[in-house]
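Fold and geometry: a report
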Amino acid sequence: MKKSDIIKASIEKFRADAQSLLDNPNTTKEQFDEITNKISLEETKLKLQLKNEDAEREALNENSLPVENTILNNKEIKNELFEQALDVQNYILGNPNNMQVVQNSLSTGTEGSGGVAVGATLSKEIIRTLKERANAYGFFSGRVGEGNLETIIISDETPAEWVAEGETPVGQGDPKTSKIVIKQHRLYKEIELTQQLINSSSEEFVNTIVDIVVDAIKDTLEKAIFVGTGVGQPTGIITGLDTKRKVELGTVGEITLEALKVAKYKIPQADWNECSWFMDTTTLLAVDNLKDSTGRPLLQPDPSQPTKQILLGIKISTTNGMPEATQASSAIAVIAHKNAYQTNTQKTITLDVYNDSTYKKKGVVGFASNIYVDGKCKNANKVAAIFNPAV
């Protein structure tokens, strides 16, 4: 077991203790402060340990994503970022330099081609930032690499059985497993760039290009992760969700404590520590108005992250990928384990530039980013959703 896993286990124990204190009306401020201080100390240890492990992994695996601390502290990686940003600037200005022109699809299953491939380090930084800003994309299991990803889904709920000593098992038939193939669909977005942005320093342009690409695609990607059709885009985690995993409200937009509890208990208790709630901000506002039987708000501060909140002991994330609270016949809250869904992202991001009259008349350059990604639910037993009724 890695040292970081040991520290994580310690944090989870302290979090459980903190939750018990929160649930106890006799808890004093001093008791709660003591446990939160312990959590903060362990969190600090974890950050340092993860930094060391990430650095070691980066050295061993060139395809791994760079982490922020590594980039900030590694002059060589920073220089690579700036050099690759300069390549992009030159390409936009009509001088391809050393950038690789993409003639064919990047991997099996992707559609469309063209543009140039962004340098590996800059591509990694864009994907890393996307994981930070797109809560669901960053939370669920994700693979970054080339080509399709094949994985096995186990849906067999047949229990193990006893066989007397010396006897031969009768057999239970074929295990209920299936294979899913996660491809890499093209997520395309055109953006306008001003000449001033293009001519900025490479260091400034790194931040500009990362911000523009990530902010342009994150909401579309998040929406597909939850409700994607699976046709030319990811299959949403609640697309085709079994009715046993659904909780329907009595009235549109009126989320209740009972519905939240029912949804939570559809997830195995052993998985709660690695689960998260996902909802739109309008639904979060409705939840924020709910109180438990003692009159305390359901939303409580996360002992390990004071700026964040927990709901029924489980962390909560907002996302623009979920429908608003008043949207009928839609899932307005999802609770899921991090291994319930799997994404597959092409490690190379490509760019296109358009100099047609539409853009020239505006005095800007047409710029497009392409990120190739797919996703599918791989364990529906670790997902539950709260739905609005039909009107």
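Think of each chain on its own: its residues are numbered from 1, step by step along the sequence as written. The predicted nature of this model means local features are confined to residues of pLDDT at least 70 and side-chain atom pairs, given and counted, to a pLDDT of 80 or more, with totals for whole chains, interfaces and linings taken over all residues. For the side-chain quantities, the full set of heavy atoms in the structure was used; hydrogens and water were omitted.

Remarks on the overall build of the protein
Which entries qualify depends on this criterion: A run of H or I in DSSP counts as a helix once it spans at least four residues, and a run of E counts as a strand once it spans at least two, with each numbered from the N terminus. Only heavy atoms matter for contacts: two residues are in contact if any of them lie within 4.5 Å across the pair. Under the convention used here, a 1.4 Å probe and the Shrake-Rupley method define accessible areas, while residue burial counts only the protein chains that appear.
The helix and strand tally for the protein stands at 11 helices and 16 strands. Contacts in the protein between residues at least 24 apart in sequence constitute 76% of all its contacts with a sequence separation of at least 6. Total accessible area computed for the protein in this model is approximately 20,700 Å², and 48% of it derives from carbon and sulfur atoms.

Structural notes on helix 1 (residues 3–23)
What counts here: To estimate the expected span of a helix, subtract one from its residue number and multiply by 1.5 Å. Working definition: with a 1.4 Å probe on protein chains only, accessible area under 20% of the residue-type maximum means buried, over 50% means exposed, and in between means partly exposed. It is the directions from the helix axis to the C-beta atoms whose arc is reported.
Relative to the 30 Å expected for 21 residues at 1.5 Å per residue, helix 1 spans 31 Å between its end C-alpha atoms, a close match to the ideal helical length. Among the residues of helix 1, Ser4, Ile7, Ile11, Phe14, Ala18 and Leu22 are the ones counted as buried. All buried residues of helix 1 project into a common sector of 90 degrees when viewed along the axis, lining one side.

Re the environment of lysine 51
Along the polypeptide, lysine 51 turns up in helix 2 (residues 29–60). The class for lysine 51 is partly exposed, based on a relative accessible area of 33%. Each C-alpha atom, one on lysine 51 and one on serine 4, is 9.9 Å from the other, the two residues being 47 residues apart in sequence.

Topic: the side chain of glutamine 342
Threshold: Contacts described as polar in this section are N or O atom pairs within 3.5 Å, which, within protein, must combine one atom able to donate a hydrogen with one able to accept it, while residues neighboring in sequence count only if both atoms come from side chains.
Secondary-structure assignment places glutamine 342 in strand 13 (residues 341–346). Side-chain polar atoms of glutamine 342 contact the side chain of lysine 378, separated by 3.0 Å.

Some thoughts on the pattern of salt bridges
This is how it is decided: The rule for a salt bridge is simple: a side-chain nitrogen of Lys or Arg has to be within 4 Å of a carboxyl oxygen of Asp or Glu.
Counting across every chain of the model gives 14 salt bridges. Of the charged contacts in the structure, one is a salt bridge between lysine 376 and aspartate 374, with a shortest N-O distance of 3.6 Å. Note on lysine 376: relative accessible area 22%, which makes it partly exposed. Given a relative accessible area of 1%, aspartate 374 falls into the buried group. Members of the salt-bridge network, linked through shared partners, are Glu12, Arg15 and Glu43.

A word on the side chain of serine 276
Checked against the element boundaries, serine 276 lands in strand 8 (residues 275–279). If near-sequence neighbours (up to four positions away) are discounted, serine 276 is found in contact with Phe139, Ile314, Lys315, Ile316, Ser317, Val334, Ile335 and Ala336.

Topic: the nonpolar core
Rule in force here: Each nonpolar core is a collection of buried residues, namely Ala, Val, Leu, Ile, Met, Phe, Trp, Tyr and Cys, held together in the definition by side-chain atoms within 4.5 Å.
Leu122, Leu130, Tyr137, Phe140, Ile209, Ile237 and Val334 are the most contacted members of the largest nonpolar core, which has 49 residues in total. For this core, the element with the highest residue contribution is helix 8 (residues 202–227), accounting for 11 residues. With residues up to four places along the chain from it excluded, the contact list for valine 334 reads Phe226, Ile238, Ser276, Trp277, Phe278, Met322, Val383, Ala384 and Ala385. Among the nonpolar cores identified, the runner-up in size contains 25 residues, and Ile255, Trp277, Ile316 and Ile335 belong to it.

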